[in-house]
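# Results of the structural survey
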Amino acid sequence: DFIAHVKSKGGRFLSLDGYIDSLIIPPAKRRVAIWAEFEVGMAADTLLSAVRESSATDLILSLPDHRGGVQAGPTGTLAAVRAVQTNGVLVHLAVPVLRNPELSADLPAGAMVDMRGVASAEWVSPSHPEVRRRLAEQTGRLVDQLGVDGIHLYGLGYPDLAWDFSPAALQRFAAATSVSGVKPEDILLDHYLAWTQWRSAEVARLVAELGDAARSAKEEVVLSLSLLPEAAFDYRLVDTTGQDYRKLGRVADLIVPSISPFMGQDTSSIARLMLVMRTQAGSAPILLGMAPLQPGGTAVQTATLLSLGEVLASGSTSVARVAPWARPTRSEGHWLRALSRQGTAVAATP
């Protein structure tokens, strides 16, 4: 039919307000991303359908198990990536980093350790040399095999302050600070600032190494990170998780914090959060998630559940983009109007 024909040619149907927005906000700055779980046997058309329905510019693709890479030669995964890229959409491969139960099971010696000396079954240490080597090798191999446009790292940092007191971490901390032979509780009591700053630097160093590994396979690859939005303004969360926007903004090409602004948060807080993220992240662009950005579900389900907006600062201007499948409710429409009144340009498809 006519509508399908127009969409197949890249055309769009806009309301009057949408057309005005398209004139005010440069189209080149608009980006909408979806996170899709690529299941075994999934057809490329399924991904393409989700991308088209959402008018996505970026697809974050999660594979069920990519630790061993993908098979050599033509594969369904490679065909899906190429099909999406052919439609002008950037494909970012989602890679779990430190919250990584599979790697922890494969390499027990690389697990994080808590203050009591108990190893984690879910988190691996950014300080363990074999963990770093395997993650870097895996990242470079996947970029080389799939030719993706970006690598999206999630599961970064630490579960809380009680971790990581593994031998590898304590050894690297001692080498960096000359603090050695100290019990974990004494480190937190007497060397808290040095310890927390070193932990966040350790995460940033690992991210930089993974970026180098990805770019060794494809020079122009984009390195993006999934981070907690609260870590942009809550120093306690920075200390707890090691997610420091200032350090990570220097080594990442794109930051993707996730926030649900329609869950009882006032608009002024959201506006302040946008500003704080920009000041903390430096020059790294920010793709603001309007719903928790997590892997899971099929491509279509994920596209339906997630709506992402982008905050791209240019001077004092921010742009928040709501994905087309997210029809605003009355309260959400109030949020959008309020955000517009505060000077934030908002583009939304009714």
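Residues numbered from 1 in each chain as written. Predicted model: local features only at pLDDT ≥ 70, side-chain atom pairs only at ≥ 80, totals over all residues. Heavy atoms only, no water.

## A look at the overall build of the protein
Scanning the protein for helices and strands turns up 14 helices and 10 strands. The long-range fraction of contacts in the protein, counting pairs at least 24 apart against all pairs at least 6 apart in sequence, stands at 72%. As presented, the protein carries roughly 16200 Å² of accessible surface, and 55% of it is formed by carbon and sulfur atoms. (Helix = DSSP H or I, 4+ residues; strand = E, 2+ residues; numbered from the N terminus. Contact = heavy atoms within 4.5 Å. Areas by Shrake-Rupley, 256 points an atom, 1.4 Å probe, with all protein chains shown as cover.)

## Re the nonpolar core
Counting residues in each nonpolar core, the largest one holds 61 residues, and the members touching the most others are Leu 47, Leu 59, Leu 61, Ile 151, Leu 153 and Leu 225. At 6 residues, helix H9 (residues 192–217) tops the list of elements feeding residues into this core. Ile 151 has contacts with Leu 93, Val 95, Thr 139, Val 143, Ala 214, Val 221, Val 222, Leu 223 and Ser 224, leaving out every residue within four places of it along the chain. Within the second largest apolar cluster, 8 residues are counted, among which are Ala 169, Ile 187, Trp 195 and Trp 198. (Core = buried A, V, L, I, M, F, W, Y, C linked by side-chain atoms within 4.5 Å. Buried < 20%, exposed > 50% of the residue type's maximum accessible area, 1.4 Å probe, protein only.)

## Some words on the pairing of strand E7 (residues 222–227)
Burial analysis of E7 places 5 of its 6 residues in the buried class, the great majority of the element. Here strand E6 (residues 150–154) pairs with E7 via 4 bridges, running parallel. Looking at the pairing, Gly 150 lines up with Val 222 of E7. (Pairing = 2+ DSSP bridges.)

## Focus on the environment of Asp 144
Counting through the fold element by element, Asp 144 comes out in helix H6 (residues 129–146). Between the alpha carbons of Asp 144 and Ala 214 there is a distance of 8.1 Å; along the sequence they are 70 residues apart.

## Describing the packing of helix H3 (residues 44–54) against helix H4 (residues 76–86)
The interhelical angle for the contact between H3 and H4, taken along N-to-C directions, is 30°, at an axis separation of 9 Å. Between H3 and H4 lies a crossing whose hand is right-handed. Counting all contacts with H3, which are made through Ala 44, Leu 47, Leu 48 and Val 51, the residues of H4 involved are Ala 79, Ala 80, Ala 83 and Val 84. In the contact of H3 with H4, the residues fall into 8 nonpolar, no polar and no charged. (Axes fitted to C-alpha atoms, helices over the stretch in contact; angles between N-to-C directions. Left-handed = near helix turned anticlockwise from the far one by under 90°. Nonpolar A, V, L, I, M, F, W, Y, C, P; charged D, E, K, R; others polar.)

## Description of the pattern of salt bridges
Within this structure, the stated rule accounts for 14 salt bridges. A salt bridge links Glu 202 to Arg 205; its shortest N-O distance comes to 2.7 Å. Note that Glu 202 and Arg 205 are positioned in helix H9 at a spacing of 3 residues, about one turn of the helix. Among the residues examined, Glu 202 registers a relative accessible area of 0% and is labelled buried. (Salt bridge = Lys/Arg side-chain N within 4 Å of Asp/Glu carboxyl O.)

## So, the packing of aromatic side chains
A ring pair, where both rings are aromatic, is described by two values, the distance of the centres and the angle of the planes. Counted according to the given criterion, the structure contains 4 aromatic pairs. With centroids separated by 5.5 Å and ring planes inclined at 65°, the aromatic side chains of Phe 173 and Trp 198 adopt a geometry described as edge-to-face. Taken together, the residues span a long stretch of sequence, with Phe 173 in helix H7 (residues 167–177) and Trp 198 in helix H9 at a distance of 25 residues. Taken as a pair, Phe 173 and Trp 198 share a single burial class, namely buried. Centroid distance Trp 195 to Trp 198: 5.5 Å. Interplanar angle 25°. Geometry classified as stacked. Here Trp 195 pairs with Trp 198, and both are found in helix H9, just 3 residues apart, close to one helical turn. When its relative accessible area of 0% is taken as the criterion, Trp 195 is described as buried. For Trp 198, a relative accessible area of 6% translates into the label buried. An aromatic cluster is defined as three or more aromatic residues linked by ring pairs; in this entry it consists of Phe 165, Phe 173, Trp 195 and Trp 198. (Phe/Tyr/Trp six-rings, centres within 6.5 Å; stacked < 30°, edge-to-face > 60°.)

## Points about the side chain of Ser 125
When you line up the elements, Ser 125 lands in the loop between strand E5 (119–124) and H6. On the basis of relative accessible area, Ser 125 is assigned to the buried category, the value being 1%. Of note is the side chain of Ser 125, whose polar atom sits 3.0 Å from the backbone nitrogen of Ser 127. In this structure, Ser 125 is in contact with Leu 98, Gly 110, Ala 111, Met 112, Val 131, Asp 164, Ser 166 and Ala 169, ignoring residues within four places of it in sequence. (Polar contact = N/O pair within 3.5 Å; in protein donor to acceptor, adjacent residues only side chain to side chain.)

## Remarks on the packing of H6 against H9
It is the contact of H6 with H9, at a shortest axis distance of 8 Å, that shows an interaxial angle of 35°. Like other packed secondary-structure pairs, H6 and H9 cross with a definite hand, here right-handed. Two secondary-structure elements touch here, H6 through Arg 132, Leu 135, Ala 136, Thr 139, Gly 140, Val 143 and Asp 144 and H9 through Glu 202, Arg 205, Leu 206, Glu 209, Leu 210, Ala 213, Ala 214 and Ala 217. Classifying every residue of the contact of H6 with H9 by side-chain character gives 8 nonpolar, 2 polar and 5 charged.

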